[in-house]
Amino acid sequence: MIKVAVNGYGTIGKRVADAVSAQPDMEIIGVSKTKPGAEAFVAKERGYPLYIADLSKKEAFDKAGIPVAGSVEEMIQKADIVVDATPGGVGVGNKALYEKYGKKAIWEGGEDHEVAGFSFNASCNYTDAIGRQYARVVSCNTTGLCRIINLIDSAFGVKKVRATMVRRGGDPGDIKRGPIDAIVLNPVTIPSHHGPDVQSVLPHINIVTSAMIVPTTLMHMHFLNMELKNPATKEQVIELIKAHSRLGLIEKSTGITSTAQLKEYTSDLLRPRGDLWENGIFKDSISVLDGTDLYLFQAIHQEADVVVETVDCIRAMAGDVKSAAESIAITNKAVGLTAIR
Ligand SMILES: NC(=O)C1=CN([C@@H]2O[C@H](COP(=O)(O)OP(=O)(O)OC[C@H]3O[C@@H](n4cnc5c(N)ncnc54)[C@H](O)[C@@H]3O)[C@@H](O)[C@H]2O)C=CC1
Ligand SMILES: O=C(OP(=O)(O)O)[C@H](O)COP(=O)(O)O
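Residues numbered from 1 in each chain as written. Chains lettered and ligands numbered in written order. Predicted model: local features only at pLDDT ≥ 70, side-chain atom pairs only at ≥ 80, totals over all residues. Heavy atoms only, no water.

Peer 1: What exactly am I supposed to notice about unusual backbone geometry here?
Peer 2: Most peptide bonds are trans, and most residues other than glycine sit at a negative phi. Residues Gly178 and Pro179 are joined by a peptide bond in cis, for which omega reads 5°. Secondary-structure assignment places Pro179 in the loop between β9 (158–168) and β10 (184–185). Phi angles above zero are rare outside glycine, and Leu270 is one such case at about 65°. Mapped onto the secondary structure, Leu270 falls in the loop between α10 (259–268) and β14 (279–282). Unusually for a residue other than glycine, Arg273 sits at a positive phi of about 60°. Considering the arrangement of structural elements, one finds Arg273 in the loop between α10 and β14. Owing to a relative accessible area of 31%, Arg273 belongs among the partly exposed residues under this scheme. (Helix = DSSP H or I, 4+ residues; strand = E, 2+ residues; numbered from the N terminus. Buried < 20%, exposed > 50% of the residue type's maximum accessible area, 1.4 Å probe, protein only.)

Peer 1: Where do I start with the domain arrangement of the chain in this structure?
Peer 2: By a widely used convention, the size of an interface equals the accessible area lost when the partners come together. Parsing the chain into structural domains produces domain 1 (2–138 + 306–335) and domain 2 (140–300). A straight line from the C-alpha centre of domain 1 to that of domain 2 covers 26 Å. The partner domain 2 presents 17 residues to the 23 residues of domain 1 that form the contact. Summed over both partners, the interface of domain 1 with domain 2 buries about 1,700 Å², with 48% contributed by carbon and sulfur atoms. (Domains from an automatic or database assignment. Contact = heavy atoms within 4.5 Å. Buried area = accessible area lost by both parts, 1.4 Å probe.)

Peer 1: Would you mind going over the UniProt feature "binding site: NAD(+)" (unreviewed entry) in the chain with me for this structure?
Peer 2: With numbering aligned to this structure, UniProt lists the feature "binding site: NAD(+)" (unreviewed entry) at Thr11, Ile12, Gly110, Arg168 and Gln302. With respect to the helices and strands, the residue Arg168 is situated in strand β9. Setting aside anything within four residues of it in sequence, one finds Arg168 in contact with Arg177, Ile213, Val214, Thr216, Thr217, Met219, His220 and Gln302. For Arg168, the side chain forms a polar contact with the main-chain oxygen of Gly170, separated by 3.4 Å. Overall, Gln302 belongs to the buried group, its relative accessible area being 4%. Here Gln302 is in contact with Ile12, Cys140, Arg168, Gly170, Asp171, Pro172, Thr217, Leu218, Met219 and His220, once residues within four sequence places are set aside. There is a polar contact of 3.0 Å between the side chain of Gln302 and the side chain of Asp171. (UniProt positions renumbered as here; feature names shortened; annotations may be inferred. Polar contact = N/O pair within 3.5 Å; in protein donor to acceptor, adjacent residues only side chain to side chain.)

Pasting the structure below:
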C-alpha cells in the first residue's frame, strides 16, 4: 500500500483524501489542518489521523474535541508520498520539509511549474512521472484544457488553440471571495496563465488563453477553438470524446445548458459532493467549420477534476503501475467515475 499524507485538508485536500482512501493500492496515513473547524470534524469522522502545522495550536483542537495525532513534520515522516494541497503559494515553502525527509511530493496548480520541475496530466504524460520525486498537477482549468487538446492533437494535429475561460469567483464555501456584481478580467493581460501552463505539459501546443472571473461558485466554463492540421468531422470528434474516460458529453436531451443544471445532475447521480471529475463538454456546441476549425464549450468543476489526476500522479510516482490506461481505469473504478453521456 502506498502511504499518502495530505498536507492541507481543504477543498482539494479533502477530496484527494477520500479518493486515495477508495483506491485498492493506497492508504491515507494523515491529513493536516492549521485550525479547528468543520473540515477538521470531517477528518475525525472519516477516521483520518489529523496533524497540525503549529503544535502550539493543539489546545484549540483539544478544546474542540478533535484529537491531534502530531505535527505535520511527524506526518511527513510516516508517508511515502505527500500531496501538498495547501493554498496556492504556501506549498512551495513546504518543499524543504519534504527534501529533509527525502519524501516524494505532489503540488497542486496554485504553485508554479518550477516547484517540481515537472507538470502532470494523466492522459498526456503519465509515463514521464513514473518514479519521479516531485510533480505538480496542473490547475483545474489547465487540466480540462490538456485533456481535450491532447486528444484532438493526437488524432488530427492542432495548429493553434484559442481558449477563453469564464472562471468561477470562489468555491461554494469561500464566503469572503467575489466578485458579487462584476465581470473581472483576470488577468487583463493576454495570455492568462493557462496557456503557458498547458505548455508545461504539452510543450509543442501553440495556444493563447484569456480569462475572466464571474459571480458564481459552481464551475468554470471554457469556450475553445482549435485550428486543426488535418480535417475532421463533428461525428469523428464526438466518437473520440466518447472513447475518453475523463471527457463527458452533455446531450441535448438532458436539457442541460448551464453549470447549475450540470451540478444538479451530478448531485442527483449521487456523485460524492456532486463532483464532476470529467470535462463537461456540451455535445451541441461541438462544431467543425471549413473542415479544420473546431469549436466547443466545456464546463470544468474546479473542485473535482484535479482530484483523479492527483491519484494517478501518486500511482505513477510510486512506480508500480507503468501504464496510464491501467492507472486511470483503477482510479476511475475506485471513485465511481463513469463519464456522463
Ligand atoms: N479550489 C479550487 O478550485 C482548486 C484549487 N487548486 C489548487 O489546490 C491547492 C489547494 O487549494 P484549495 O484546496 O482550494 O485551498 P483551501 O484553502 O480550500 O485549502 C487549503 C488547506 O490548507 C490548510 N493550510 C493552510 N496553510 C497551511 C499550512 N501552512 N500547512 C498545512 N496546511 C495548511 C488550510 O487549513 C486548508 O485546509 C492550491 O494550489 C490551489 O491553487 C487546484 C484546482 C482547483
Ligand atoms: O486552479 C484553479 O483555477 P485556474 O485554473 O483558473 O487557476 C482553481 O479554480 C483555483 O482558482 P483560484 O486561484 O481562483 O482559487
